[in-house]
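Structural characterization, general
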Amino acid sequence: MSKAAIFAARQNEPCPKCGAELVIRSGRHGPFLGCSHYPECEYIRPLKTQADGHIVKVLEDQHCPVCQSVLVLRQGRYGMFIGCSDYPQCSHIEALDKPDETTLSCPQCQQGKLLQRKSRYGKVFYACDRYPECQYAVNYKPVAGECRYCHYPLLIEKRTAGGPKQYCASKLCGKPVPTEVENDA
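About the thresholds
- Residues numbered from 1 in each chain as written.
- Predicted model: local features only at pLDDT ≥ 70, side-chain atom pairs only at ≥ 80, totals over all residues.
- Heavy atoms only, no water.
- Pairing = 2+ DSSP bridges.
- Helix = DSSP H or I, 4+ residues; strand = E, 2+ residues; numbered from the N terminus.
- Patch = residues over 30% accessible without salt bridge, like charges linked within 9 Å, V, L, I, M, F, W, Y side chains within 5 Å.
- Areas by Shrake-Rupley, 256 points an atom, 1.4 Å probe, with all protein chains shown as cover.
- Salt bridge = Lys/Arg side-chain N within 4 Å of Asp/Glu carboxyl O.
- Phe/Tyr/Trp six-rings, centres within 6.5 Å; stacked < 30°, edge-to-face > 60°.
- Lys NZ or Arg CZ within 6 Å of the ring centre and 35° of its normal.
- Axes fitted to C-alpha atoms, helices over the stretch in contact; angles between N-to-C directions.
- Contact = heavy atoms within 4.5 Å.

Under an unreviewed UniProt entry, the name given to the protein is DNA topoisomerase type IA zn finger domain-containing protein, and the organism recorded is Chimaeribacter arupi.

**Overview of the pairing of strand β7 (residues 79–84)**
For strand β6 (residues 70–76) and β7, the ladder comprises six bridges, and the chain directions are antiparallel. Counterpart to V72 in the pairing with β7 is G83. Pairing analysis gives three bridges linking β7 to strand β8 (residues 93–95), with the strands arranged antiparallel. Considered in β8, the bridge of F81 is made with A95.

**So, the sheet that holds strand β13 (residues 141–144)**
Read across the sheet, four strands follow the order β13-β14-β15-β16 without closing on themselves; strand pairing throughout is antiparallel. With one partner strand each, in any of the chains shown, β13 and β16 (176–177) form the two edges of the open sheet. In the sheet, strand β15 (residues 163–168) pairs with β16 via two bridges, with the strands oriented antiparallel. Residue pairing for β16: Q166 is matched across the bridge by V177.

**A look at a nonpolar patch on the surface**
A cluster of nonpolar side chains, contributed by V56, M80 and L96, occupies part of the molecular surface with about 250 Å² of accessible area. Tracing the backbone shows M80 in strand β7.

**Concerning the packing of aromatic side chains**
Scanning the entire structure with this criterion turns up zero aromatic pairs. One residue, K158, lies across the ring of Y167, its end atom 4.8 Å from the ring centre. Just above the ring of Y149 sits the side chain of K175; from NZ or CZ to the centre is 5.0 Å.

**So, the sheet that holds β8**
Backbone hydrogen bonds hold the strands of a sheet together, and the pairing may be parallel or antiparallel. An order of β5-β6-β7-β8 is seen for the four strands of this open sheet, with the pairing classed as antiparallel. For this open sheet the edge positions go to β5 (54–63) and β8, each flanked by a neighbour on one side alone. When strand polarity is set aside, the average angle formed by the axes of neighbouring strands in this sheet is 30 degrees. Here six bridges tie β5 to β6, and the two strands are oriented antiparallel to one another. Along β6, the bridge assignment pairs H54 with Q75.

**Things to note about the side chain of S69**
Tracing the sequence through the fold places S69 in the loop between β5 and β6. Non-local contacts of S69, meaning those with residues more than four positions away in its chain, are made with Q62, H63, C64, C84, S85 and D86.

Encoded structure:
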């Protein structure tokens, strides 16, 4: 079935304004229900019934530290999170999975620690916990060590077809650094 045929399908539901049939239409924000007598009647309604941030489960034994209301598990745009049931009066939220903190210090500012983060697309990266003051980020797992070529204080581990290999984390160098196991062979 073609895309045009899907969006031209009738819903057999009358328009509350003029009584004509509602049809599925496509817009820049996705599909929606619209009156078949458009542009004379401009009635539209979103197709999805649940809005962003809908409640999945009420956590009755946990209370909001700000207003003492019950906490709820919500499904949001970027995944699940815990929030106050008294939203929007109270905007307290908690992440379900806290980022993993490494013991490695940030090579750029020398003050922060590197944290495991997830992008909005679900890709894992490591960034300084002093963001936005320090904007250092790396896409591969950081490893303690020093580059033997440029003496940069951090290495990264990339998984290759030949197994995991370590490289210099400096964008200017980026050379592979042999490990002790490779040196013995």
